[in-house]
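So the chains spell out like this:
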Amino acid sequence: MNNTEKKGVSSKLAVMRQFTEDGYYVYNETNNTGPVDFVAINSDSGKVRLIEVKTMSFRRRGPQKNVMINRSLSPVQKSLGVEMVYFNLETGECKWKKV
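Values in this document were obtained by computation on a predicted structure and should not be read as measured data. (Residues numbered from 1 in each chain as written. Predicted model: local features only at pLDDT ≥ 70, side-chain atom pairs only at ≥ 80, totals over all residues. Heavy atoms only, no water.)

A.B. asks: Whenever I open this one, the side chain of Ser11 confuses me. Can you help?
C.D. replies: Along the chain, Ser11 turns up in helix H1 (residues 3-21). Setting aside anything within four residues of it in sequence, one finds Ser11 in contact with Val53, Thr55, Phe87 and Leu89. (Helix = DSSP H or I, 4+ residues; strand = E, 2+ residues; numbered from the N terminus. Contact = heavy atoms within 4.5 Å.)

A.B. asks: Help me understand the pairing of strand E4 (residues 83-87) in this model?
C.D. replies: Successive side chains on a regular strand alternate, one facing one side of the sheet and the next facing the other. E4 sits mainly inside the fold: four of its five residues count as buried. Once you follow strand E3 (residues 48-55) into helix H2 (residues 75-80) and on to E4, the crossover reads as right-handed. Where E4 lies against strand E5 (residues 94-96), three bridges are found, and the strand directions are antiparallel. What sits directly across from Val85, in E5, is Trp96. (Buried < 20%, exposed > 50% of the residue type's maximum accessible area, 1.4 Å probe, protein only. Right-handed = clockwise from strand over helix to strand, strands pointing away. Pairing = 2+ DSSP bridges.)

A.B. asks: Whenever I open this one, H1 confuses me. Can you help?
C.D. replies: Residues that lie three or four places apart on an α-helix share one face, since the helix turns once every 3.6 residues. Helix length check: H1, at 19 residues, gives a terminal C-alpha distance of 27 Å against a target of 27 Å (1.5 Å per residue), a fit within 8%. Restricting attention to buried positions, one finds in H1 the residues Ser11, Lys12, Val15, Met16 and Phe19. For H1, the arc enclosing every buried residue in end-on projection is 130 degrees, short of the 170-degree limit, so these residues lie on one face. Projecting away from the buried face of H1 at angles above 90 degrees are the exposed residues Asn3, Leu13, Arg17 and Glu21. On its buried face, H1 sits against strand E1 (24-28), strand E2 (38-42), E3, E4 and E5. Two or three places before Thr4, at the opening of H1, Asn2 has a side-chain oxygen 3.0 Å from that residue's backbone nitrogen. In the segment just after H1, Gly23 is the residue with positive phi, at about 95 degrees. (Expected span 1.5 Å × (residues − 1). Arc of directions from axis to C-beta. Polar contact = N/O pair within 3.5 Å; in protein donor to acceptor, adjacent residues only side chain to side chain.)

A.B. asks: I would appreciate a short explanation of the pairing of E3 in the present structure.
C.D. replies: Relative to E3, E2 runs antiparallel, the two sharing four bridges. The residue bridging Val39 from the neighbouring strand is Leu50, located in E3. In this structure, the hairpin formed by E2 and E3 is closed by a connection of five residues, where Gly46 is found at a positive phi of approximately 80 degrees.

Dropping the structure here:
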């Protein structure tokens, strides 16, 4: 596993843990081929959330140095209503992308 993959797995696990602590049942997508990283179901309301996790990364140079790099959902993810969560490995911060 290369460094980029390790960061991605670390971010995904951290966000899954947050959902678990917030009272969700969390179901991991293990093949890494589907349109979501995991499915979260609220244990009280039953609301189902489809989650895609991205590790926060920042521009290293140029006029937008230190600006977070935004990622886009695929057309399939958009049609399914997938929510994107950015995770900062250094600070533990989660940031939700407005869709």
